[in-house]
Amino acid sequence: MFSSLSTIVALLFLFPIAQAQCPDASDADYDYIVVGSGAGGGPVAARLAEAGFSVLVVDAGHDINSINTTIPLYFVRSVEDEALELAYTLNEYPADFEFQKSSWYPRARGLGGSTIHNAMINIIAETRSDFDGLASMFNDSTWSRDNMQNYFKKIERHVYPVLNDDHGTDGWLTTNMNPVLAVLNPMFLDLQIVDFIASITLSGLPVLDLNSIAGDDAVGVTMPSFTITENYTRSSVRDRLVNVEETSGRLTFTLDTLATKVLTCNDSESGSVKAYGVEMAPGAALPVAGNFHGKQDLNTTVVTAKKEVIVSAGAFQTFWIGDREHLQQFGIESVMHLPGVGMNMQDHDEISVIWRMRQNYSIFDGCVLLPDPEQDPCLAYYQEGHQNLYSFGGAISSVTSKSRPEYTEPDMLTYWEPAHFQGFVRGFSQALVDNPNTVTAVHLKAHPSSKGTVRLTGSHPQDLLDIQKNHFQGEDGLRDVEDLRNAIKHSREVMKTLPVALHSDEAIDAHIYNNIFGHHICCTNAMGTDDDEYAVLDGDFRVRGVQNLRVVDASSWPIVPGYFVTTPFYMASEKAADVIIAAGKSA
């Protein structure tokens, strides 16, 4: 019997069952197996297929192409769509901390992963220190911020005017601006929104392009771009995968399927552990999925890879507990001691402040975010080809700033929207509909200090995870709170009014502790150097100690990058594809 790295899409345990010799690779089912189809796995799978390799994509979700996943503003409905939802729960603080908060943390299951339910904000700024840091760490200039811009240009197809050569014109990811002129349509013209946008615009110096090399560390005010097409529909890696599947003949999807083991063997030449396939359970669901109906005895099947297995199932699921002591608590002996797995969990810190305006916005009239155009006049108007509220992405303006004079780069991005958004809490989409006269400022702290953990609660692939965020518990935790507090103060100066109940520093801090959220979880399988015992991956995404196994997704990063993560993840995935293709062709 071959031994395995047991996974739940893909929560990997490394079992020490007697390692058999590896099977004949020439008999393998596919060249590559990719577990997960989101911002990490999706681009890699597509590129490998285009390069002439046979590729199997295994994903716990299914292909959904609905109103919720295609109409930009309906992203707020997609987040709570049971057909898509992975409803994780995590603890923000340790049990002995003054404040306590258990948070709903939604991810998406489906072809394209969480790129089919995100807010489509397309910002790659504030990543110079991230990419240049990787270039320095691995002595590899291909990781440099300037070189990574080439990957941005490779994937982008901008359909709005740009002012420099840092953008792409024929990539697979369409980018666009919000249809601001829709706000000036006489049907929707609202002086409240015009005044609001003017106030934000005048609150700082203009930033021309946050996605240019020159704009990476810019401070000021801008309108962000979005992964939205010229027809004002979502653009994501889901569309890329479907297109490659239809045109290449080399890409295969196995959906609604739970990966349960990464299979390994002893390589006779090197004597090391080698990944050669995946065990999977068709029809099985994660315990946080909308289609989960209790743990079950899983009926599994096996697929094999000639070249590599690539795990790309996200920062919660793409990890295996490599610490021997933790594994032994559940009767699992580890093949490879990797104490960094499930550690180093990071996210951006985000906190909303909401103001109520005097009157309802005209552009919200009749907009109730329903699936039936007969019940939703705004949907009917949008489906007739017009631009309206539903054409917009998740923000209308953003402001970048330095919280302290001694900071060498901006650390705060405040994104503004003439809508109600208190963060990701149950019912937030209906709250947007029910409050058509509000302004929200979301203050996002880049590179915060908090580091959490993801741990097992049992040995069954359908056991829940224990997710502890440890918010503000690090050495610089109080500094992070103070930076967020000062950002809130700046926003209320812009609005020239004091939000209710935020009259003192203590009240603002309590608001932060009680309402903090994030939606960019990452870093649980961090890349690092050979002398770092907590490094799980090397600079080419290879799992240390296991041949032919890589992790390419949000979990691979050592530090949560920039302000918004999806497009930087796409860029890193394209780089990984180059590395994997080169290795595949030379083997």
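Everything below is about the structure shown above.
Residues numbered from 1 in each chain as written. Predicted model: local features only at pLDDT ≥ 70, side-chain atom pairs only at ≥ 80, totals over all residues. Heavy atoms only, no water.

Caption draft 1: Local environment of the state of the cysteines. Scanning all chains against the criterion turns up 3 disulfides. The partner cysteine of C367 in its disulfide is C378, sulfur to sulfur 1.9 Å. Its torsion about the S-S bond being -80 degrees, the disulfide of C367 and C378 is classed as left-handed. Pair noted here: C367 is in the loop between β17 (349-356) and α10 (377-383) and C378 is in helix α10, with a separation of 11 residues, a long-range link. In terms of burial, C367 and C378 fall into one category: buried. Paired through a disulfide, C522 and C523 show a sulfur-sulfur distance of 2.3 Å. Residues C522 and C523 share a disulfide whose torsion about the S-S bond is about -60 degrees; that sign makes it left-handed. Note on accessibility: C522 and C523 belong to one class, buried. Shown here for the protein is a disulfide pattern of 1-2, 3-4, 5-6, where each number marks a bonded cysteine counted in sequence order. (Disulfide = S-S within 2.5 Å. Helix = DSSP H or I, 4+ residues; strand = E, 2+ residues; numbered from the N terminus. Buried < 20%, exposed > 50% of the residue type's maximum accessible area, 1.4 Å probe, protein only.)

Caption draft 2: Summary view of the packing of aromatic side chains. Summed over all chains, the structure comprises 25 aromatic pairs. Ring centres of Y74 and Y390 lie 5.0 Å apart, and the angle between their planes is 85 degrees; on these two criteria the pair is classed as edge-to-face. Within this pair, whereas Y74 is found in the loop between α2 (67-70) and α3 (75-78), its partner Y390 is found in the loop between α10 and β18 (397-401), the two being separated by 316 residues in sequence. Each of the two residues, Y74 as well as Y390, counts as buried. Positioned above the aromatic ring of W143, the side-chain terminus of K575 is 4.5 Å from the ring centre. (Phe/Tyr/Trp six-rings, centres within 6.5 Å; stacked < 30°, edge-to-face > 60°. Lys NZ or Arg CZ within 6 Å of the ring centre and 35° of its normal.)

Caption draft 3: The arrangement of helix α12 (residues 477-495) in detail. Here α12 contains 19 residues, and its C-alpha end-to-end distance of 28 Å stays within 8% of the 27 Å for a straight helix at 1.5 Å per residue. Among the residues making up α12, those that are buried are G477, D480, V481, D483, L484, R485, A487, I488, S491, R492, V494 and M495. The elements touched by buried residues of α12 are α6 (191-201), β17, β19 (412-417), β20 (438-445) and α13 (505-515). Phi turns positive one or two residues past the end of α12, at K496, with a value near 55 degrees. (Expected span 1.5 Å × (residues − 1). Contact = heavy atoms within 4.5 Å.)

Caption draft 4: Structural view of the packing of helix α1 (residues 41-50) against helix α14 (residues 566-586). Where α1 contacts α14, the axes come no closer than 8 Å and their chain directions differ by 35 degrees. You can see that α1 and α14 cross each other, and the crossing is right-handed. For the pair α1 and α14, contact is made by P43, V44, R47 and L48 and by Y570, S573, E574, A576, A577, D578, I580 and I581, respectively. (Axes fitted to C-alpha atoms, helices over the stretch in contact; angles between N-to-C directions. Left-handed = near helix turned anticlockwise from the far one by under 90°.)

Caption draft 5: View of α6. Three or more residues of α6 are buried, namely Q192, I193, F196, I197 and I200. Considered in projection along α6, the buried side chains sweep an arc of 130 degrees and stay on one side of the axis. In this structure, the buried residues of α6 make contact with β10 (220-222), β18, β19, β20 and α12. (Arc of directions from axis to C-beta.)

Caption draft 6: A look at a nonpolar patch on the surface. A grouping of L181, L184, L189, L191 and V194 is seen on the molecular surface, where their side chains present a nonpolar patch of about 500 Å² in accessible area. Mapped onto the fold, V194 is located in helix α6. Owing to a relative accessible area of 30%, V194 belongs among the partly exposed residues under this scheme. (Patch = residues over 30% accessible without salt bridge, like charges linked within 9 Å, V, L, I, M, F, W, Y side chains within 5 Å. Areas by Shrake-Rupley, 256 points an atom, 1.4 Å probe, with all protein chains shown as cover. Salt bridge = Lys/Arg side-chain N within 4 Å of Asp/Glu carboxyl O.)

Caption draft 7: Region of interest: the sheet that holds strand β9 (residues 173-177). A sheet is described by the order of its strands in space; here 4 strands give the open sequence β7-β11-β9-β8, paired in mixed fashion. Because the sheet does not close on itself, it has two edges, and the strands there are β7 (121-122) and β8 (156-158). Strand direction decides the pairing type here: β7 and strand β11 (residues 225-226), joined by 2 bridges, are antiparallel. Looking at the pairing, I121 lines up with F226 of β11. This element, helix α5 (residues 145-155), spans β7, β8 and β9 of the sheet and lies at about 60 degrees to β8. (Pairing = 2+ DSSP bridges.)

Caption draft 8: Representation of the pattern of salt bridges within the structure. Taken as a whole, this structure holds 27 salt bridges when the rule is applied. Note that R128 is salt-bridged to D146, the shortest N-O span being 2.7 Å. On the criterion of sequence distance, the pair formed by R128 in helix α4 (residues 128-138) and D146 in helix α5 is long-range, its members being 18 residues apart. Look at R128 and you get partly exposed, because its relative accessible area is 28%. Owing to a relative accessible area of 41%, D146 belongs among the partly exposed residues under this scheme. Linking K469 and D347 is a salt bridge whose minimum nitrogen-to-oxygen distance equals 2.8 Å. One end of the pair, K469, is in the loop between β22 (465-468) and α12; the other, D347, is in the loop between α9 (324-328) and β17, and 122 residues separate them in sequence. With respect to burial, K469 and D347 carry one shared label: buried. Each of the salt bridges in this network shares a partner with another, and the network as a whole consists of R404, D411, K445, E482 and D483.

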